[in-house]
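Listed here are the chains, written in short residue letters.
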There are 6 protein chains.
Amino acid sequence: MVYLTRRERFCAAHRLFVAGWNDEKNMEIFGNCSNENWHGHNYILYVTIKGEPDPVTGMIINATELKKIIRSEVIEHLDHKNLNLDVGFMQGIMPTAENLVKIIWQRLEPHAKGFTLHRVRIYETENIYADYYGE
Amino acid sequence: MVYLTRRERFCAAHRLFVAGWNDEKNMEIFGNCSNENWHGHNYILYVTIKGEPDPVTGMIINATELKKIIRSEVIEHLDHKNLNLDVGFMQGIMPTAENLVKIIWQRLEPHAKGFTLHRVRIYETENIYADYYGE
Amino acid sequence: MVYLTRRERFCAAHRLFVAGWNDEKNMEIFGNCSNENWHGHNYILYVTIKGEPDPVTGMIINATELKKIIRSEVIEHLDHKNLNLDVGFMQGIMPTAENLVKIIWQRLEPHAKGFTLHRVRIYETENIYADYYGE
Amino acid sequence: MVYLTRRERFCAAHRLFVAGWNDEKNMEIFGNCSNENWHGHNYILYVTIKGEPDPVTGMIINATELKKIIRSEVIEHLDHKNLNLDVGFMQGIMPTAENLVKIIWQRLEPHAKGFTLHRVRIYETENIYADYYGE
Amino acid sequence: MVYLTRRERFCAAHRLFVAGWNDEKNMEIFGNCSNENWHGHNYILYVTIKGEPDPVTGMIINATELKKIIRSEVIEHLDHKNLNLDVGFMQGIMPTAENLVKIIWQRLEPHAKGFTLHRVRIYETENIYADYYGE
Amino acid sequence: MVYLTRRERFCAAHRLFVAGWNDEKNMEIFGNCSNENWHGHNYILYVTIKGEPDPVTGMIINATELKKIIRSEVIEHLDHKNLNLDVGFMQGIMPTAENLVKIIWQRLEPHAKGFTLHRVRIYETENIYADYYGE
């Protein structure tokens, strides 16, 4: 069993806030991440799959195929977007790194043919990242 | 003459678009950077000063002092903000990396006491950065 | 179950040596890490916690709260210090990366309220890092 | 139980192709990685071992000893080589990242004395890496 | 005057050797870089241009346009190639980092319309890079 | 004229303080960098030379030769040392990044045969670096 990880990137705006809370409460819980006019990040996504390398090709899956899946299911929907407003599958979901890794897992998992999805990792900044293993 | 560079970071939303153009024209010129609901970046700022190290302290300027200037004049105004909407000194200025380095230079230059401002560098992504030398 | 990792940094001096050994023996085992007048590193600390994101906030724990715990329990005690001489909770402990991750785990674990401590990672240089999972 | 990871690097040429396939088929499966005159990479290798730190030295294994094993068993055979042509233990093996981690594991595992080999990781580019845990 | 830098990458094989020298002489001068079956690198290219940002768009040149020029003139010719054998404009030129930056300058300079080419930088490894300013 | 830069690293302890000042004054000026029991850094050194690539070898200078000079003149004297106590050529010099780049320039410049020394850069942390051009 070998694990293969592919890195992709997307740049997006977001805002953390609870609509039913007033500004003071949102600021208390989310700090300046609740800025009403949004802020944004260069998100870095690492997708890890696992499987047996094919005895002929030496590959678990063609890396180009994996790239296509990640781009069509995730990157094209999130890159240069507002995570709160522009993304159908993020509606009603707070766009924290913790929730992003779960949502991205759900986007990718149905496409895991010939391999198993192992981990989704998102760096929000160089100091914070989240991981999800489907557990 | 020695040069000293300090790195700081800020996360912000922005959008590139000309108000007088229609969506097609904006998309043609700015691509997905013109997404109407914004997108964002983890900007990395490098400020380089030059001067003679003090013969007693070995420092051009106290690095803590330099950090304070950069934070109070730049970072506090840009971090977790919308560069188009939230920043007084960016009003009417297209928030490209090229313009950001010029604006940040103008913010810092009046505070260059005991040293000379040499260069302002901004990374917008790992693939693009701009430099300004006050020329 | 989602995992969240926060990065922090500290700069410290240390020396690897056994007091009961002579210089030759210390040099044989620890090489130039036993230099009697110390040397030092820019240590990079990654703390990983796990838990369920709150359904309202989308966060396992407020990242600001996690930062406060790491800084008050670890960084303030180690940053710009001598790991052999200046740190109460390191007395009698060889300041290797292997021991540092165990000690930092013990410092953080009692503060794991609302989340579980999963891993402590320390980079000593770009070429060496240690991990501890509390096992 | 503590985990220790050491980074090493090697620069090598390689080519992905199946000798029994024609150029079209190789290009279809391997893309430009099948370029007949080779291409190459700056590979980055991370070797992770685990064990109990020695109560006297605070080390699982002397890091210099670990470096020697990795260099003599792996790096000296792969650095500035052609992975398809120059490496005895790679004969008949497709030099993908997936196969490299398995082969490097087999090279290192017999030398795991006083520690357990835990993981071999290879970065082929900044966007792709493979992991093997001996499973 | 503002400077804008764009990063691109290419993976290639090469070999440093003088055809008229024997193996001992080549090994003496070029070390293991003269390995007869080639080796390779993940080259990182930074192209810096300078110019005045357009008062309307805030851009020196459309970054997409710059990317297209770099890719069509440089990357498509070098990526996943053998620098000694596969590249028309490298024939008869020793593929050192020093020569690469000069050649790439010559490839890009005729396309500098609306901006001035300022610097070409190539990282061959994380420890070595070359710069050329057209001087 | 081409510029070539080589990266090297050293780990060292240091302390910023003026012997004639009391602790309050040293703390006021140098902050926790004046900790009496030292602290330390993973310093990263970039040495840039310039010259004409040799028409036969394509190299300004043999990179191995450059590495030898940097190591014998600088790294061997600073690595795993105390910059205040252990280094003959640092006696009486405050070990700031600003002074380090000047001292290292003076160490290297007499060995510039067949090339010109252009710049010495030292990263003290990921947030601070100094440059010296011999001016």
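Some remarks on the pattern of salt bridges
Side chains carrying opposite charge are able to pair once their charged atoms draw close together. All told, the structure shown has 48 salt bridges over all chains when counted by the stated rule. One salt bridge connects Arg-6 of chain C with Glu-8 of chain C, and the closest N-O pair in it is separated by 2.8 Å. Both residues of the pair, Arg-6 of chain C and Glu-8 of chain C, belong to the buried class. The partner of Arg-7 of chain D in a salt bridge is Glu-126 of chain E, and the shortest N-O contact between them spans 2.6 Å.

Considering the relation of the copies chain B and chain F
Rotating chain B by 120° and translating it 0.0 Å along the rotation axis places it on chain F, where the RMSD comes to 0.0 Å. Such a combination of rotation and displacement between the chain copies is what one expects of a three-fold axis. Considering only C-alpha atoms, the residue of chain B closest to the rotation axis is Glu-126 of chain B, which sits at 9.0 Å.

A word on the interface of chain B and chain A
On the side of chain A, 24 residues touch chain B, which itself brings 24 residues to the contact. Both faces combined, the contact of chain B with chain A buries some 1900 Å², and carbon together with sulfur accounts for 42% of it. Looking at the side of chain B facing chain A, the largest losses of area belong to Asn-37, Asn-42 and His-80 of chain B, adding up to 30% of the total buried there. Seen at the junction of chain B and chain A, the total is four salt bridges.

Focus: the interface of chain B and chain F
Between chain B and chain F, the residue contacts involve 19 residues of the former and 19 residues of the latter. Roughly 1700 Å² is buried in total at the junction of chain B and chain F, and carbon and sulfur atoms are behind 52% of that figure. Between chain B and chain F we count one salt bridge in total. Our count for the contact surface shared by chain B and chain F stands at 10 residue pairs in polar contact (both at pLDDT 80 or more).

Let's talk about the packing of aromatic side chains
What the rule picks out here adds up to 36 aromatic pairs over all chains. For the pair Tyr-123 of chain B and Tyr-129 of chain B, a centre-to-centre distance of 4.6 Å together with 35° between the ring planes defines the contact as tilted. Just as Tyr-123 of chain B is buried, Tyr-129 of chain B falls in that class too. Lying over the aromatic face of Phe-17 of chain A, Arg-15 of chain A brings its terminal NZ or CZ to 3.6 Å of the ring centre.

Some points on the pairing of strand β2 (residues 39-51) of chain B
All names here are of chain B. A large share of β2 lies buried, amounting to 11 of its 13 residues. Here strand β1 (residues 2-14) runs beside β2; their pairing, made up of 13 bridges, is antiparallel. In the sheet register, Thr-5 faces β2, and the bridge partner there is Thr-48. In terms of strand pairing, β2 meets strand β4 (residues 116-125) through seven bridges, oriented antiparallel. Looking at the pairing, Ile-49 lines up with Leu-117 of β4.

Things to note about the packing of helix α2 (residues 63-78) of chain D against helix α3 (residues 97-108) of chain D
Residue and element names in this part refer to chain D. Where α2 contacts α3, the axes come no closer than 9 Å and their chain directions differ by 140°. In terms of their interaxial angle, α2 and α3 are classed as oblique. By crossing handedness, the relation of α2 to α3 is classed as right-handed. From α2, Ile-69, Ile-70, Glu-73, Val-74, His-77 and Leu-78 reach across to α3, where they touch Ile-104, Arg-107 and Leu-108. Class assignment of the residues belonging to the contact of α2 with α3 gives a composition of six nonpolar, one polar and two charged.

Some points on helix α1 (residues 23-30) of chain A
Residues and elements named next belong to chain A. Within α1 the residues assigned to the buried category are Asn-26, Ile-29 and Phe-30. For α1, the angular spread of buried residues about the axis comes to 80°, placing them on one side. Exposed side of α1, more than 90 degrees from the buried face: Glu-24 and Glu-28 are the residues found there. Phi turns positive one or two residues past the end of α1, at Gly-31, with a value near 60°.

Concerning the relation of the copies chain B and chain A
For these two chains of identical sequence, chain B goes onto chain A by a turn of 180° and a shift of 0.0 Å along the axis, with RMSD 0.0 Å. As the rotation angle and translation indicate, the two copies are arranged about a two-fold axis. When the interface residues of chain B are mapped onto chain A, 100% of them are again interface residues, pointing to one common binding face.

Focus: the confidence of the model for chain A
In this model, chain A carries an average pLDDT of 97, and 100% of its residues clear a pLDDT of 70 or more. Confidence estimates for the predicted assembly give a pTM of 0.97 and an ipTM of 0.96.

Brief notes about the environment of Tyr-123 of chain D
Residue and element names in this part refer to chain D. Note that Tyr-123 resides in strand β4 (residues 116-125). In this structure the C-alpha to C-alpha distance between Tyr-123 and His-41, which are 82 residues apart in sequence, comes to 9.3 Å. Not counting the four nearest positions on each side in its chain, Tyr-123 is found in contact with Asn-42, Tyr-43, Ile-44, Tyr-46, Ile-128 and Tyr-129.

Let's talk about the side chain of Arg-7 of chain C
Looking at the element boundaries, Arg-7 of chain C is found in strand β1 (residues 2-14). Within the local environment of Arg-7 of chain C, its side chain forms a polar contact with the side chain of Glu-126 of chain A, the two groups lying 3.0 Å apart. Ignoring sequence-local partners within four residues, the contact set of Arg-7 of chain C consists of Glu-126 and Asn-127 of chain A, Arg-7 of chain B, Ile-44, Leu-45 and Tyr-46 of chain C together with Glu-126 of chain F.

Rules and cut-offs
Sequence order as written defines residue numbering, which begins from 1 separately in each chain. Naming scheme: in the order in which they are written, chains are lettered from A and ligands are numbered from 1. Predicted model: local features are reported for residues with pLDDT of at least 70 only, side-chain atom pairs are reported and counted for 80 or more only, and whole-chain, interface and lining totals are derived from all residues. To get the side-chain values, take all heavy atoms of the structure and skip hydrogens and water. Just to be clear on terms, a salt bridge is a Lys or Arg side-chain nitrogen sitting within 4 Å of an Asp or Glu carboxyl oxygen. Categorising residues by exposure relies on relative accessible area from a 1.4 Å probe, with only protein chains included: less than 20% of the type maximum marks a residue as buried, more than 50% marks it as exposed, and the intermediate range marks it as partly exposed. Least squares is the method used to superpose the copies, on C-alpha atoms of residues holding a pLDDT of at least 70 in both. Residues count as neighbours in contact if any of their non-hydrogen atoms are within 4.5 Å of one another. Take the accessible area each of two parts loses on contact, using a 1.4 Å probe, and add the two losses: that sum is the buried area. Whenever two N or O atoms come within 3.5 Å, that pair is a polar contact, provided that in protein one can donate a hydrogen and the other can accept it, and provided that, for residues adjacent in sequence, both atoms are side-chain atoms. Between rings of Phe, Tyr and Trp, where Trp is taken as its six-membered ring, a pair exists when centres lie within 6.5 Å; planes separated by under 30 degrees are stacked, by over 60 edge-to-face, and by other angles tilted. Criterion for a charge above a ring: Lys NZ or Arg CZ within 6 Å of the ring centre, and within 35 degrees of the ring normal. Going along the chain from the N terminus, every DSSP run of H or I of four or more residues is numbered as a helix, and every run of E of two or more is numbered as a strand. For two strands to count as paired, DSSP must find a minimum of two bridges between them. To get an axis, fit a line to the C-alpha atoms, keeping to the stretch in contact for a helix; angles then go from 0 to 180 degrees between the N-to-C directions. Put simply, angles under 35 degrees are roughly parallel, angles over 145 are roughly antiparallel, angles from 65 to 115 are roughly perpendicular, and the rest are oblique. Each helix crossing is assigned a hand: it is left-handed if the near helix lies turned anticlockwise from the far helix by less than a right angle, otherwise right-handed if that turn is clockwise. Polar here means any residue other than Ala, Val, Leu, Ile, Met, Phe, Trp, Tyr, Cys and Pro, which are nonpolar, and Asp, Glu, Lys and Arg, which are charged; Gly is therefore polar. Working note: the arc is built from the helix axis to C-beta atom directions. In predicted models, pLDDT denotes the confidence assigned by the predictor to each residue on a 0 to 100 scale.

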